[in-house]
Amino acid sequence: MSAPRVPPSGRFVSFEGIDGAGKSSHLDAVAERWRQRGLDVVRTREPGGTPLAESLRELVLHQSMDPLTEALLIFAARRDHLQQCIEPALARGAVVLCDRFTDATFAYQGAGRGFDPAVLTTLEAWVQHGPHGLRQPDLTLWFDLDPAVAAQRVVAARAPDRFEQQDEAFFRRVRDGYRARFETQPRRFARIDAAQSRDQVAVQIAAVLAERGW
Ligand code: TYD
């Protein structure tokens, strides 16, 4: 009798941190390295990653709205992103590298804006529940950085969106929000000290991936 066919299952890695922590350039570097190894790599982001979710991203980043509307739009974008992009990619065995996922919602909308985390937990369950249970990243790299340092990097970089315009106190709360997620789900998270040089951060990431045999 032949062995049962096990469906291929990919790997889902999210990159998180306050604005200015430097996650996106490291995400590009990991994507490039894994592509060179011949892996099927999907590089995506939240809010966004599909035409519908990118439209919602424009609204969330540039229009003022109340916190519930903001949270609902972000989760609506996430639902479409999961169904159209992430789940099909994981099902065919691809590696999905996602610039932010639900931890950002708990950090920004929950801790940053003060929105009820119980409602976010309910939305998370509705949106991320599928045939394999609650979809979460297999690994979340949390780029942890002092908000004062991050703010200097953001000012130098570009015209700020609605979140980047927030004051340092907001980003202190967001950082605390990430820390709380990190502490409750330590196996999924790896903390990266983003205050270090770019090269040293790359070494930290390589060590985390190597620990998992990736
Ligand atoms: P960001 O990764 O910073 O994009 P870019 O580097 O192109 O500016 O994401 C955009 C913003 O969206 C960021 O300020 C955080 C915010 N955001 C939330 O508030 N909640 C969420 O759930 C997500 C995914 C992002």
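A quick note: this is a predicted structure, and the numbers were derived from the prediction, not measured. (Residues numbered from 1 in each chain as written. Predicted model: local features only at pLDDT ≥ 70, side-chain atom pairs only at ≥ 80, totals over all residues. Heavy atoms only, no water.)

Remarks on helix α6 (residues 147–157)
Here's step 1: Every buried residue of α6 is accounted for by Pro147, Ala150 and Val154. Projected onto a plane normal to the axis of α6, the buried residues spread over an arc of 60 degrees and lie on a single side. In α6, the exposed positions angled more than 90 degrees off the buried face are occupied by Gln152, Val155 and Ala156.
Here's step 2: Residues of α6 that are buried make contact with α7 (168–184).
Here's step 3: For α6, the side-chain oxygen to backbone nitrogen distance between the N-cap and Ala148 is 2.8 Å, and the N-cap itself is Asp146. (Buried < 20%, exposed > 50% of the residue type's maximum accessible area, 1.4 Å probe, protein only. Helix = DSSP H or I, 4+ residues; strand = E, 2+ residues; numbered from the N terminus. Arc of directions from axis to C-beta. Contact = heavy atoms within 4.5 Å. Polar contact = N/O pair within 3.5 Å; in protein donor to acceptor, adjacent residues only side chain to side chain.)

Focus: helix α1 (residues 23–36)
Here's step 1: Taking 1.5 Å per residue as the helical rise, α1 with its 14 residues ought to reach 20 Å, and the 20 Å between its terminal C-alpha atoms agrees with that figure.
Here's step 2: Among the residues of α1, those classed as buried are Lys23, His26, Leu27, Val30, Ala31 and Trp34. The buried side chains of α1 occupy one side of the element, clustering within an arc of 145 degrees when seen end-on.
Here's step 3: For α1, the secondary structure elements touched by its buried residues are β1 (11–17), β2 (41–45), β3 (95–99), β6 (139–144) and α8 (198–211).
Here's step 4: Positive phi appears at Gly38, one or two residues downstream of α1, with a value of about 90 degrees. (Expected span 1.5 Å × (residues − 1).)

Thoughts on the packing of helix α4 (residues 102–112) against α7
The axes of two packed helices give the description: the angle between them and the distance between them.
Here's step 1: One way to put it is that α4 packs onto α7 with a least axis distance of 8 Å and a crossing angle of 135 degrees. As far as their axial angle goes, α7 and α4 are oblique. At the point where α4 passes α7, the crossing takes the right-handed sense. Of the residues in α7, those touching α4 at Thr102, Asp103, Ala104, Phe106, Ala107, Tyr108, Ala111 and Gly112 are Phe170, Phe171, Arg173, Val174, Gly177, Tyr178 and Arg181.
Here's step 2: A breakdown of the residues in the contact of α4 with α7 according to their chemical character gives 9 nonpolar, 3 polar and 3 charged. (Axes fitted to C-alpha atoms, helices over the stretch in contact; angles between N-to-C directions. Parallel < 35°, antiparallel > 145°, perpendicular 65-115°, else oblique. Left-handed = near helix turned anticlockwise from the far one by under 90°. Nonpolar A, V, L, I, M, F, W, Y, C, P; charged D, E, K, R; others polar.)

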